[in-house]
Amino acid sequence: MTDTPAEHRLAPWQRTAEGAGLLGPDGRIAATVFAEMSALAQRTGAINLGQGFPDEDGPAAVLDAAVDAIRSGTNQYPPGTGMPVLREAIARHQQHWYGIGLDPDREVLVTAGATEALAATVLAFVEPGDEVVTFEPYYDAYAALIARAGGVHRTVPLRFPDWRPNHDELRAAVTDRTRLILVNDPHNPTGAVLDEATAELLVELAERHDALLVTDEVYEHLRFEGPHRPIAARPGARSRTISISSGGKTFSTTGWKIGWLTARPELVTAVLAVKQYLTYVNGAPFQPAIATGLDLPDAAFTAAAASLARRAELLSAGLEAAGFTVARPRAGYFVVADAGPLGFDDAEELCRRLPELAGVVGIPVSAFVRREHRHEVARLVRFAFCKREDVLREASARLAALGAA
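The structure reproduced in this document is the subject of the present report. (Residues numbered from 1 in each chain as written. Predicted model: local features only at pLDDT ≥ 70, side-chain atom pairs only at ≥ 80, totals over all residues. Heavy atoms only, no water.)

1. Examining the packing of aromatic side chains
Applying the stated criterion across every chain, the model contains 10 aromatic pairs. Aromatic side chains Trp 256 and Phe 286 sit 4.5 Å apart centroid to centroid with 15° between the ring planes, which places their arrangement in the stacked category. Of this pair, Trp 256 sits in the loop between β7 (241–246) and β8 (258–262) while Phe 286 sits in helix α10 (residues 286–294); the two residues are 30 residues apart in sequence, bridging distant segments of the chain. A relative accessible area of 23% means that Phe 286 is categorised as partly exposed. Centre to centre, the rings of Phe 324 and Phe 383 are 5.9 Å apart; their planes meet at 80°, and the pair counts as edge-to-face. Of this pair, Phe 324 sits in the loop between α11 (298–322) and β9 (325–327) while Phe 383 sits in strand β13 (residues 380–384), and the two are 59 residues apart along the sequence. Neither residue differs from the other here; Phe 324 and Phe 383 are each classed as buried. Here the aromatic residues Trp 97, Phe 251 and Phe 301 are joined through ring pairs into a cluster of three or more. Over the ring of Phe 334 we find Arg 382, and its NZ or CZ is 3.5 Å from the ring centre. (Phe/Tyr/Trp six-rings, centres within 6.5 Å; stacked < 30°, edge-to-face > 60°. Helix = DSSP H or I, 4+ residues; strand = E, 2+ residues; numbered from the N terminus. Buried < 20%, exposed > 50% of the residue type's maximum accessible area, 1.4 Å probe, protein only. Lys NZ or Arg CZ within 6 Å of the ring centre and 35° of its normal.)

2. Considering the nonpolar core
Grouped together as the largest cluster of nonpolar side chains are 73 residues, with contacts concentrated most on Ile 242, Leu 319, Phe 324, Phe 383 and Leu 399. For this core, the element with the highest residue contribution is helix α5 (residues 113–125), accounting for seven residues. Val 133, Val 183, Ala 199 and Ala 327 belong to the second largest nonpolar core, which has 28 residues in total. (Core = buried A, V, L, I, M, F, W, Y, C linked by side-chain atoms within 4.5 Å.)

3. Some remarks on α10
For α10, the buried fraction is high: seven of the nine residues fall into the buried class. Taken together, the buried positions of α10 are Gln 287, Pro 288, Ala 289, Ile 290, Ala 291, Gly 293 and Leu 294.

4. Some details on the pairing of β13
The buried fraction of β13 amounts to five of the five residues, a majority that puts the element mostly inside the structure. When strand β10 (residues 334–338) meets β13, the two strands line up antiparallel, connected through five bridges. Within the sheet, the bridge partner assigned to Val 335 lies in β13 and is Phe 383. Pairing of strand β12 (residues 363–364) with β13, which is carried by two bridges, proceeds in the antiparallel orientation. (Pairing = 2+ DSSP bridges.)

5. Regarding the environment of Gly 236
As for its placement among the helices and strands, Gly 236 is situated in the loop between β6 (212–216) and β7. For Gly 236 and Glu 207, which are 29 residues apart along the polypeptide, the C-alpha to C-alpha distance reads 8.3 Å.

Taken by themselves, the reported measurements are silent on function.
This is the structure:
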């Protein structure tokens, strides 16, 4: 076996870019499809159902708390682990909703959004050659973070339209080489939620192979039916689980970037050792504001989920009327639709033409899978329904032009 010639080796930044699917054939960084589609929407005036951010503000009490914090002088560096007011609110939240008791001083860490929590966790625990298992499609940052750490990304497919993993494929993916099993529940981009049998199997596999479970639960309060049940609340799971969430999706404050993770003290300490050299700290006045949000009455959370459920149904019905086959989402911000019945076999090409054809922008699901698997989701498009209902009605009316063409 010979060494790879120096001129053919990828630099660390290139490995990260390649893992994210951003490295072009010329070795340069290519624009993400998210940036491309958002620019296309801005240039054409199309309705942007590509990026997953709300077009309405969150609860007034949360916004007012941020303004009050700024005016009262909460504008300098907060503590490295997060402000006590937020760490204590996170601990209360986990106890209230899931029966998980936490020490806010040792088992809670505030981060710059859930993405920083994910980054610091992967960098803290994954050594070169370690394997990380995720479901596929996956949130696009996962592949880049695993590549940055030198890890090996193993995936288990979720298939349209029911998005349930095959348990034999899951068992085959998790081995003694697995360091992390990264689970996004509720799931982006599919809107699926983890079924009980799969959750139990994940805990069993993590224990059998001595892997850590890392859960990305940013849509935890945006389930349309039934309560969220985190993996950490399951028997035998808590000691090996790092639970990650944020306030951005729940309170429609995605630009604030206030996230957190909870775990046993040794795991939090390991992540903090990395996190302190990433952002160090962030968002001082937004931390007490998110704490206010976490302490809102239960009705505020159920109302947010019910509102999104209505919007999901509105857009899903509009897509079906236009001729798409739709996988009805059960949570989150997004719905996935198959454009094949309309005669489009290439969702990437369709998404580039949608502003012209229908005045709407979506994202091809191929952006959420590895290059070698893109053919498996070639006809699928993700649309965001976290928009005003009048916007979704207009988008549905515009999409109807596809079926009429």
